[in-house]
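The residues making up each chain are set out below.
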There are 2 protein chains.
Amino acid sequence: MNNMDLSKKFEDYLHTLKWKNEPEGLYEAISYILQLGGKRIRPQLVLLSNQILNGNVNDAMPAAAAIELFHNFSLIHDDIMDNAPLRRGKKTVHQKFDTNTAILSGDAALIFCYEELLKLPADKVSAAIKLFNKTALEVCEGQQFDMLFENKSTVSVDDYLEMIRLKTAVLLGCALQLGAMLADANSIQQELMYEFGMQMGVAFQLQDDILDTFGNTETFGKQVGGDIIQNKKTFLLLKAFELANLEQQKVLADWLTKKEFDNVEKVEAVKNIFNQIGVRKIAETEMEIHFQKAIHAVHQQFINDEKKNRLIAFASALMKREK
Amino acid sequence: MNNMDLSKKFEDYLHTLKWKNEPEGLYEAISYILQLGGKRIRPQLVLLSNQILNGNVNDAMPAAAAIELFHNFSLIHDDIMDNAPLRRGKKTVHQKFDTNTAILSGDAALIFCYEELLKLPADKVSAAIKLFNKTALEVCEGQQFDMLFENKSTVSVDDYLEMIRLKTAVLLGCALQLGAMLADANSIQQELMYEFGMQMGVAFQLQDDILDTFGNTETFGKQVGGDIIQNKKTFLLLKAFELANLEQQKVLADWLTKKEFDNVEKVEAVKNIFNQIGVRKIAETEMEIHFQKAIHAVHQQFINDEKKNRLIAFASALMKREK
């Protein structure tokens, strides 16, 4: 099956999950966020990994659903914590319903992950839940670190990389490893799939940081400079602080503490410091290191070149690169 | 082992669970709420049921921990939703830490439930998680119904009984059934244990409603009349509305819509209507029906009288009755 067939099969599977009407709001909120769409990257990774390692994708389908449900659980709760009004251009769950319903719907979505994992072949259930739990706790840790960083004056670049590994990257690794596990792959194959996903996830998040500041509005799809306006502690900002001379540090600190400012002016000024220090290049190099680690993990798999290319093509598409 | 030994053994087990220090707050919040104490009724029920049906309580210990963790997860999230400042006389988690930490710590506590359930004997893991998931979703449903009822003008007594069954009672049933399941009890024994716990839970909640209005402050431990002051839709109030004549309905409705009032005066006036209608007696009868159903489920078990009496004694102690 090609990626499009896998994708279609997954949507069909998702539609077989039935959401009760009562109590009002509870399950409706889960169904609402699921139908907002999104790229379904994570379930795709479960199925792709599974197929490439000769699994039966029907067996892996509940794992794909569990991973997508978990992703949506984390979106529901993160959006509350971040006070986010919009998600994929539509109201977030706590805006569409209310905060209490969003807390409870997130909880219910998390429980449903385990309902899905119980549908896996009996001999796989425990190992799958074990990996899932480890990952789920790491994602919570990543989100907590992210929130703590907001109020912390000194965050190192290493702390930041560890935070994005936990918050974003491990779930991609988990998705790929689950697919491999369900294809009866051995532990080395499983770990290589995990490594592929995890490194790809870090590269992807770094790219997101770079594009937020240096992308162009048309292809990025979000407002460019949003991270700068909000003082978000991204790789770029943290690296800039690390390498700035005293004068540059002062200018940066001034912009970060200003309560009133013109958005365009602030973005230009901070970008100017970034350019002086050359943090874009440093971030691109860091991103490239992780991307190459991901590719390296693919090349270590005992699979034919066609299959390797399929994994690499997925990663390249995710990074919006020409292969 | 007597109840005190079981209790001690459970606390020892809880202490073996290690909570990481990082990220700050995340696991500390779980450890904080666990050490606030509480009566540990639910884990006690797991172990008691297990022992009475000749299980090895060591095998059941992780299930007891899972149930206690789940209870604490639900307290953390419910306290956010209810805006509760205090729990067991101490700050609630979202007050002690912050709301975002409380959301995430609750999530992590829920994930830890499954970590515990994975520690059960391999042949029991799936069945235990299945029962746990069903119960966990029902508890979420109960909480959602409870919140919906707050803004609903007409709630029937039957709706209310179903809500407390979901929100409170099924977890006691689940605890007892898990204990039985882990003792290799057959499905009838398991269901009778579930029924015992579930009916006891409904009776317990009804008693709580009655004591909140008719208890005396010294033995109740909370402010008497709190439910009336807050217009809480309890069994008493809903039943009173159901049976009130037009004049009584008007007086009740007046007190419920008053924005400013003297607490003592309101409690006296509403109690006065309750007494005219006789809702205390009706609530006590309803409570007694559920308590007797619980006792009946015990008597149907194929266990000796000493064991039956031990279960009944537990229920009686919970209801603060002389046996």
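Residues numbered from 1 in each chain as written. Chains lettered and ligands numbered in written order. Predicted model: local features only at pLDDT ≥ 70, side-chain atom pairs only at ≥ 80, totals over all residues. Heavy atoms only, no water.

(A) Focus on the side chain of B:E116. Residue and element names in this part refer to chain B. Here E116 is to be found in helix α6 (residues 99-117). In terms of polar contacts, E116 uses its side chain to reach the side chain of Y13, at 2.6 Å. Not counting residues within four places of it along the chain, the set of residues in contact with E116 comprises Y13, L17, P62, A65, A66 and L69. (Helix = DSSP H or I, 4+ residues; strand = E, 2+ residues; numbered from the N terminus. Polar contact = N/O pair within 3.5 Å; in protein donor to acceptor, adjacent residues only side chain to side chain. Contact = heavy atoms within 4.5 Å.)

(B) Broad picture of the packing of helix α4 (residues 57-81) of chain A against helix α8 (residues 157-182) of chain A. Residue and element names in this part refer to chain A. Running from N to C, α4 and α8 cross one another at 165°; their axes reach a closest spacing of 9 Å. With respect to each other, α4 and α8 are oriented roughly antiparallel. As α4 packs across α8, the resulting crossing turns out to be right-handed. Here D59, A60, A63, I67, F70, H71 and D78 of α4 come into contact with α8, specifically with K167, L171, C174, A175, L178 and L182. (Axes fitted to C-alpha atoms, helices over the stretch in contact; angles between N-to-C directions. Parallel < 35°, antiparallel > 145°, perpendicular 65-115°, else oblique. Left-handed = near helix turned anticlockwise from the far one by under 90°.)

(C) The relation of the copies chain A and chain B, seen in detail. Laying chain A over chain B is done by rotating through 180° and shifting 0.0 Å along the axis; what remains is an RMSD of 0.0 Å. Here the two chains are linked by the operation of a two-fold rotation axis. In this assembly the copies share their binding face: 100% of the residues contributing to the interface of chain A also contribute to that of chain B. (Least-squares fit on C-alpha atoms with pLDDT ≥ 70 in both.)

(D) A look at the side chain of A:N72. Assignment of secondary structure puts A:N72 in helix α4. Setting aside residues up to four positions removed in sequence, A:N72 forms contacts with A:I33, A:L34 and A:R88.

(E) Region of the structure containing unusual backbone geometry. A cis amide bond links A:E22 with the next residue in sequence, A:P23, at an omega value of -10°. You can see A:P23 is positioned in the loop between α1 (3-16) and α2 (26-35). For B:R88, which is not glycine, the phi torsion reads 50° and is therefore positive. Looking at the element boundaries, B:R88 is found in the loop between β1 (86-87) and β2 (90-91). Its relative accessible area of 32% is what places B:R88 among the partly exposed residues. One non-glycine residue, B:D184, lies in the positive phi region at around 60°. Locating B:D184 in the fold gives a position in the loop between α8 (157-182) and α9 (187-214). (Buried < 20%, exposed > 50% of the residue type's maximum accessible area, 1.4 Å probe, protein only.)

(F) View of the domain arrangement of chain A. All names here are of chain A. We note that the domain assignment places domain 1 (1-185) and domain 2 (187-323) within chain A. Inter-centroid distance (C-alpha atoms) of domain 1 to domain 2 is 22 Å. With 37 residues of domain 1 in contact, the opposing surface of domain 2 contributes 28 residues. The contact between domain 1 and domain 2 buries some 2,800 Å² in all, and 70% of this surface belongs to carbon and sulfur atoms. A per-residue breakdown of the area domain 1 buries against domain 2 is headed by I52, V157 and Y160, which together make up 23% of the total. (Domains from an automatic or database assignment. Buried area = accessible area lost by both parts, 1.4 Å probe.)

(G) Representation of the interface of chain A and chain B in the model. In this assembly, 37 residues from chain A lie in contact with 37 residues from chain B. Approximately 3,400 Å² of surface area, both sides summed, lies buried where chain A meets chain B, with 72% of it carried by carbon and sulfur atoms. The shortest N-O distance in the salt bridge between A:K20 and B:E141 comes to 2.8 Å. In this assembly, chain A and chain B are joined by 14 residue pairs in polar contact (both at pLDDT 80 or more). Of all the secondary structure elements, the ones that give two or more residues to the side of chain A that touches chain B are α2, α4, α6 (99-117) and α7 (125-150) of chain A. When residues in the side of chain A that touches chain B are grouped by element, the largest group, 14 residues, is from α7(A). (Salt bridge = Lys/Arg side-chain N within 4 Å of Asp/Glu carboxyl O.)

(H) Main features of helix α15 (residues 279-300) of chain A. All names here are of chain A. Relative to the 32 Å expected for 22 residues at 1.5 Å per residue, α15 spans 32 Å between its end C-alpha atoms, a close match to the ideal helical length. Among all positions in α15, only V279, A283, E286, M287, H290, F291, A294, I295, A297 and V298 are buried. In this fold, the buried residues of α15 make contact with α8, α9 (187-214), α12 (235-243), α14 (263-277) and α16 (305-318). (Expected span 1.5 Å × (residues − 1).)

(I) Quick peek at the pattern of salt bridges. Residues and elements named next belong to chain A. Counted according to the given criterion, the structure contains 26 salt bridges over all chains. Linking K8 and D12 is a salt bridge whose minimum nitrogen-to-oxygen distance equals 2.8 Å. Note that K8 and D12 are positioned in helix α1 at a spacing of four residues, about one turn of the helix. Salt bridges sharing common partners tie together E11, R40 and E68.

(J) Layout of the packing of aromatic side chains. By the definition in use, this model includes 15 aromatic pairs over all chains. Here B:Y27 and B:F112 contribute two aromatic rings whose centre-to-centre distance is 5.8 Å and whose plane-to-plane angle is 75°, an arrangement assigned as edge-to-face. Separated by 85 residues along the polypeptide, B:Y27 in helix α2 (residues 26-35) and B:F112 in helix α6 bring together distant segments of the chain. With respect to burial, B:Y27 and B:F112 carry one shared label: buried. Between B:F145 and B:F149 the ring centres are 6.0 Å apart and the planes differ by 40°, which places this aromatic pair in the tilted class. Taken together, the positions of B:F145 and B:F149, both in helix α7 (residues 125-150) and four residues apart, correspond to about one turn of that helix. The pair formed by B:F145 and B:F149 is uniform in burial state, with each residue classed as buried. Counting every residue linked through ring pairs, the aromatic cluster contains A:F70, A:F73, A:Y114, A:F132, B:F70, B:F73, B:Y114 and B:F132. Just above the ring of A:W255 sits the side chain of A:K258; from NZ or CZ to the centre is 3.7 Å. (Phe/Tyr/Trp six-rings, centres within 6.5 Å; stacked < 30°, edge-to-face > 60°. Lys NZ or Arg CZ within 6 Å of the ring centre and 35° of its normal.)

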